[in-house]
Every structure is written in C-alpha cells, then in structure tokens.
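# Residue-level structure breakdown
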Amino acid sequence: MTEVTHGRMWRIAGPIVLSNATVPLLGAVDTGVVGQLGQAAPIGAVGLGAVILATLYWVFGFLRMGTSGLAAQAQGAGDGAERAAVLMRALIVGLAAGLGLIVLQVALVAGAFTLAPASAEVEALTRQYLAIRIWGAPATIALYAVTGWLVGVDRHLNNNLRLGIGYNFTDFSDDLTQLDFTHEGWFLNFVGTY
C-alpha cells in the first residue's frame, strides 16, 4: 500500500483545485470578449448565461464524487474489468444527462428566468448565448465522470498541467483587449486539465 503523505495528497488535489478554478473562466472570457462591444445588455446576457450553465452543470457534481468512490473500490480490489465498467457507466450517465439538458433547454431557461428575471433584451440575448453553449453539456458533464474516475484510480495526475511555447504566424492576438490584429510572434501557454 502506498504511504499517504501531504506531498502525495497535494499532487492529487493540486490539479483538481486548478481545474475546478478554471470551470467558470469560459464565462469570464466570454464576458471579456462581449465587453469589447461597449453595451451593457450583451455583458449581462453572457454573465447570466454563464451563471445558469454553471448551476446546471454543478447539479451533476455527484457524478465526479460517486465515480471516484466506485473506481477506487475497483482499483483496490484489482478488478480491471469493473474499473473500466465504472468509467463506461459514468460516461453514459454524463452523456445522457448532457443530451437531456439539450432537449430540456427551453424549459430550463424559462425556469431560470423565473428565478432570476432580467430585461427583455438581456433575456433574449441570454437565450441566444445558451442555445450555443448548451451543446457542450454532454462533454462537460462526461468530464465530471472522467475526473472522478482518474481520482479513484490515482493515475498520472501530475501530467495534467502543460506548459507550451510556440510561434504565432498569424496576426491574431489572444489578448482580447487588443483588436488590431498585429500580433505575430512567440507565445507562452499554460493549460491545466483534469
């Protein structure tokens, strides 16, 4: 049995903490991009849409925790077939839940606006935003299953942080505050996934 130390726990928990912190970043980036338009309604729509999606996705947090427990039991028992079956079942549940959100999106958005009403313009723009972002629901919720499974089997958790360097041959900048498209050159990229 592997000894449990603070260092080992941080090697497992560190990438999880970082990945959980990055979940709301997509909404923040969307807000930053839309903020360049200089209008309040689109910013409100993206902010409200990001909150609605984060709330809907977090309902499926049980998938991460439940999968990690079942995967750890299979790992501890040395049952490779059950370990794989736990992942497949969790992925099926995650994909089905995501597809369910897509199918039920009209009712879910209506319910969200009942709880958090906004102006007609903001609600209309939020509906447009959510109609696009909801298509990522199956992958997002399935990722909860994968994350839980990886924690349960304790595999290669250190390899989930990447540092990249490269050269941008185009004029596009990832600095969303500079829209002059004159940014050819070297870049440094930090990505954390879990």
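In case you missed it, the structure is sitting above this.
## Notes on the overall build of the protein
Per the secondary structure count, the protein includes 8 helices and 2 strands. The N-to-C order of helical and strand elements in the protein reads α-α-α-α-α-α-α-α-β-β. The 194 residues of the protein split such that 34% are buried. Counted over contacts in the protein with a minimum sequence separation of 6, partners at least 24 positions apart contribute 72%. Accessible area for the protein stands at about 11,800 Å²; split by element, carbon and sulfur atoms hold 69% of it.

## Looking at the environment of alanine 139
Relative to the assigned elements, alanine 139 resides in helix α8 (residues 137–153). Classification of alanine 139 as exposed rests on a relative accessible area of 55%. Counting along the chain gives 44 residues from alanine 139 to leucine 95, while the straight-line C-alpha distance between them is 6.8 Å.

## Here we look at helix α6 (residues 105–115)
Listed in full, the buried residues belonging to α6 are Gln105, Val109, Ala112 and Phe113. For α6, the buried positions fall inside an angular range of 95° around the axis, keeping them on one side. Relative to its buried face, α6 has exposed residues pointing more than 90 degrees away, namely Ala107, Thr114 and Leu115. On its buried side, α6 packs onto α3 (40–58), α5 (80–103) and α7 (120–133).

## Things to note about the nonpolar core
Judged by nonpolar contacts, the single largest core of 34 residues is most densely connected at Ile52, Tyr57, Leu101, Ile141 and Trp149. Only α3, α4 (61–77), α5, α6, α7 and α8 provide two or more residues apiece to this core. Contacts of tyrosine 57, omitting those with residues within four sequence positions, involve Leu101, Arg133, Gly136, Ala137, Thr140, Ile141 and Tyr144.

## So, the packing of aromatic side chains
For the structure shown, the criterion picks out 2 aromatic pairs. An angle of 45° between the planes, with centres 6.2 Å apart, marks the rings of phenylalanine 60 and phenylalanine 62 as tilted. Positioned over the ring face of tyrosine 144 is arginine 64, at 4.7 Å from the centre of the ring.

## A look at the packing of α5 against α8
At their nearest, the axes of α5 and α8 sit 7 Å apart, and the two run at 160° to each other. Considered as vectors, α5 and α8 are oriented roughly antiparallel to each other. The handedness of the crossing between α5 and α8 is right-handed. Counted together, Arg83, Val86, Leu87, Ala90, Leu91, Gly94, Leu95, Ala97, Gly98, Leu99, Leu101 and Ile102 of α5 and Ala137, Pro138, Ile141, Ala142, Ala145, Val146, Trp149 and Val153 of α8 form the full contact between these two elements. For the contact of α5 with α8, the per-class residue count stands at 17 nonpolar, 2 polar and 1 charged.

## Looking at the side chain of threonine 67
When you line up the elements, threonine 67 lands in helix α4. Since its relative accessible area comes to 4%, threonine 67 is described here as buried. A polar side-chain atom of threonine 67 sits 2.5 Å from the main-chain carbonyl oxygen of leucine 63.

## Describing α7
An α-helix turns once per 3.6 residues; consequently, residues spaced three or four apart project the same way. Taking 1.5 Å per residue, 14 residues should reach 20 Å; α7 reaches 20 Å between its end C-alpha atoms and fits that length. Residues Val122, Glu123, Thr126, Tyr129 and Leu130 constitute the buried set of α7. Projected down its long axis, α7 carries its buried residues within an arc of 125°, all on one side. Within α7, the exposed residues directed more than 90 degrees away from the buried face are Ala120, Glu121, Gln128 and Ile132.

## As for the environment of leucine 53
Relative to the assigned elements, leucine 53 resides in helix α3. The sequence separation of leucine 53 and isoleucine 134 amounts to 81 residues, and the corresponding C-alpha distance is 7.7 Å. What leucine 53 contacts, discounting residues up to four positions off in sequence, is Leu130, Arg133 and Ile134.

The rules we used
Residues numbered from 1 in each chain as written. Predicted model: local features only at pLDDT ≥ 70, side-chain atom pairs only at ≥ 80, totals over all residues. Heavy atoms only, no water. Helix = DSSP H or I, 4+ residues; strand = E, 2+ residues; numbered from the N terminus. Buried < 20%, exposed > 50% of the residue type's maximum accessible area, 1.4 Å probe, protein only. Contact = heavy atoms within 4.5 Å. Areas by Shrake-Rupley, 256 points an atom, 1.4 Å probe, with all protein chains shown as cover. Arc of directions from axis to C-beta. Core = buried A, V, L, I, M, F, W, Y, C linked by side-chain atoms within 4.5 Å. Phe/Tyr/Trp six-rings, centres within 6.5 Å; stacked < 30°, edge-to-face > 60°. Lys NZ or Arg CZ within 6 Å of the ring centre and 35° of its normal. Axes fitted to C-alpha atoms, helices over the stretch in contact; angles between N-to-C directions. Parallel < 35°, antiparallel > 145°, perpendicular 65-115°, else oblique. Left-handed = near helix turned anticlockwise from the far one by under 90°. Nonpolar A, V, L, I, M, F, W, Y, C, P; charged D, E, K, R; others polar. Polar contact = N/O pair within 3.5 Å; in protein donor to acceptor, adjacent residues only side chain to side chain. Expected span 1.5 Å × (residues − 1).

As far as function goes, none of this settles anything; it's purely spatial.
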